[in-house]
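Spelled out from the first residue to the last, the chains are:
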Amino acid sequence: MWRSLVAVLLLFVSACAHGPGQGSGPRVVVSSTELARQAGLKPWAISMPFGANEDGSDLLLKFLDRAEASGARFVTQLQVVFVTQEEGQSLECRSRLSPDGIPPEARQARVRMASVTGKPLVALQRVVQSYSESVVSCREVVVPGAAVASSPRAYSKSDPSIASAYVSEVRQRTAIQCLSTPVMRYRYRYGFEAAAGYTPLNARRLLAVRPDLSLAQSEAECVPRAPDAPRNNRLEAIAFGGAGPEAALLTVPEEVAGAAVEL
């Protein structure tokens, strides 16, 4: 589908590079194609290649930030694509990212076994990965060296000599103490993700930077790579609005111009 578009704008060469999630313009919205089409904006294809040992959350934030820098208002059909080899066959393995809340049947990718021998693909097998994460815990503690307060003792008629005496009172002072403790965690990656050293998306990190970004990730699928397909790992999507149409479309492809394109 991606190669059927008239042109592709590679965002990684954009001169308007911002830090992840720091664009000053309107925030791009990850939406369904049907919703984006209602805005009357022209669609164009975008792609951002990436290499080994990348963090998926950082990549996605950078991708969206550069889409915003280009003036895009909507991003649809977002997916992460990996190029891998298995049994001498070149494969494309991909997972789709869609707005959370879309019915599961509309965002579920089909898992295809593309092995030459008919065996389950190693690329689609789950690999467990351990990693360390800092967990912060806080508690109330008594601060050492508590303050000492002095106050006049009440006057006593029976003993006037104590009128100027003082009573010492020890007052406890407390504070909140927070400690960061490393905790071992475990996550599962696909074989093709592990081979590339790719760290899967972290929903909490994404929401911390973009509170409106709630995405659901489909199961992965692997298919034989077409001879004319790109040979690199990449994030790719269809954007609506911005600078893309000037460099991309003279006519709108049928699959984009249709009533709706399933994510």
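For the structure given in this document, a descriptive report is provided here.

### A word on the overall build of the chain
- A count of helical and extended segments in the chain gives 7 helices and 12 strands.
- Burial statistics for the chain: of 263 residues in total, 39% are counted as buried.
- When contacts within the chain are restricted to residue pairs at least 6 apart in sequence, those whose partners lie at least 24 apart make up 82%.

### Brief notes about the packing of aromatic side chains
- In total, this model carries 5 aromatic pairs according to the counting rule given.
- Relative to Phe82, the ring of Phe50 has its centre 5.6 Å away and its plane inclined at 80°; by these criteria the two rings are edge-to-face. Separated by 32 residues along the polypeptide, Phe50 in strand β3 (residues 43-50) and Phe82 in strand β4 (residues 74-86) bring together distant segments of the chain.
- The exposure class of Phe50 is buried, given its relative accessible area of 8%.
- With a relative accessible area of 2%, Phe82 lands in the buried category.

### Describing the pattern of salt bridges
- A full pass over the atoms with the stated rule returns 10 salt bridges.
- Close ionic contact of Glu68 with Arg27 constitutes a salt bridge, the shortest N to O distance being 3.8 Å. In this pair, Glu68 sits in helix α2 (residues 56-69) while Arg27 sits in the loop between β1 (8-10) and β2 (29-30), placing the two residues 41 residues apart along the sequence.
- Residue classification places Glu68 among the buried residues on the basis of a relative accessible area of 10%.
- For Glu92, the salt bridge goes to Arg234, with nearest N and O atoms at 2.8 Å. Here Arg234 lies in strand β12 (residues 233-240) and Glu92 lies in strand β5 (residues 89-99), a separation of 142 residues in the sequence.
- Owing to a relative accessible area of 2%, Arg234 belongs among the buried residues under this scheme.
- One continuous salt-bridge network, built from bridges that share partners, spans Glu92, Arg94, Arg96, Glu221, Arg234 and Glu236.

### Some remarks on the layout of surface pockets
- The space that makes up the largest pocket amounts to roughly 300 Å³.
- Residue lining of the largest pocket: 18 residues in total, with Leu97, Leu201, Leu215, Ala216 and Gln217 positioned closest to the centre.
- Within the residue set of the lining of the largest pocket, elements represented by two or more residues are β9 (174-190), α5 (203-209) and β10 (215-217).
- Looking at side-chain class alone, the lining of the largest pocket contains 11 nonpolar, 4 polar and 3 charged residues.

### Regarding the nonpolar core
- Core analysis: the largest hydrophobic core is formed by 34 residues, its most contacted members being Leu60, Phe63, Leu78 and Phe192.
- Sorting the residues of this core by element identifies β3, α2, β4, β5 and β12 as the ones contributing at least two each.
- Considering each element in turn, this core owes the most residues, 6 residues, to α2.
- In this structure, Leu78 is in contact with Val30, Leu60, Phe63, Ser95, Arg96, Leu97, Glu236 and Ala237, ignoring residues within four places of it in sequence.

### Considerations on the environment of Glu54
- Tracing the backbone through its elements, the reader meets Glu54 in the loop between β3 and α2.
- Looking at Glu54, the relative accessible area reads 30%, which means it is partly exposed.
- In the structure, Glu54 is positioned 139 residues away from Glu193 in sequence and 9.9 Å away in space, judged by C-alpha atoms.
- When near neighbours in sequence (up to four residues on either side) are disregarded, Glu54 contacts Leu59, Gly197, Tyr198 and Thr199.

Rules of the game
Residues numbered from 1 in each chain as written. Predicted model: local features only at pLDDT ≥ 70, side-chain atom pairs only at ≥ 80, totals over all residues. Heavy atoms only, no water. Helix = DSSP H or I, 4+ residues; strand = E, 2+ residues; numbered from the N terminus. Buried < 20%, exposed > 50% of the residue type's maximum accessible area, 1.4 Å probe, protein only. Contact = heavy atoms within 4.5 Å. Phe/Tyr/Trp six-rings, centres within 6.5 Å; stacked < 30°, edge-to-face > 60°. Salt bridge = Lys/Arg side-chain N within 4 Å of Asp/Glu carboxyl O. 1 Å grid on protein atoms, 1.4 Å probe; cavity = no way out; pocket = protein on both sides within 12 Å on 5 of 7 lines; lining within 4 Å. Points joined across faces, edges and corners; volume = space filled by probe spheres on them. Nonpolar A, V, L, I, M, F, W, Y, C, P; charged D, E, K, R; others polar. Core = buried A, V, L, I, M, F, W, Y, C linked by side-chain atoms within 4.5 Å.

None of the figures reported here should be taken as evidence of function without further support.
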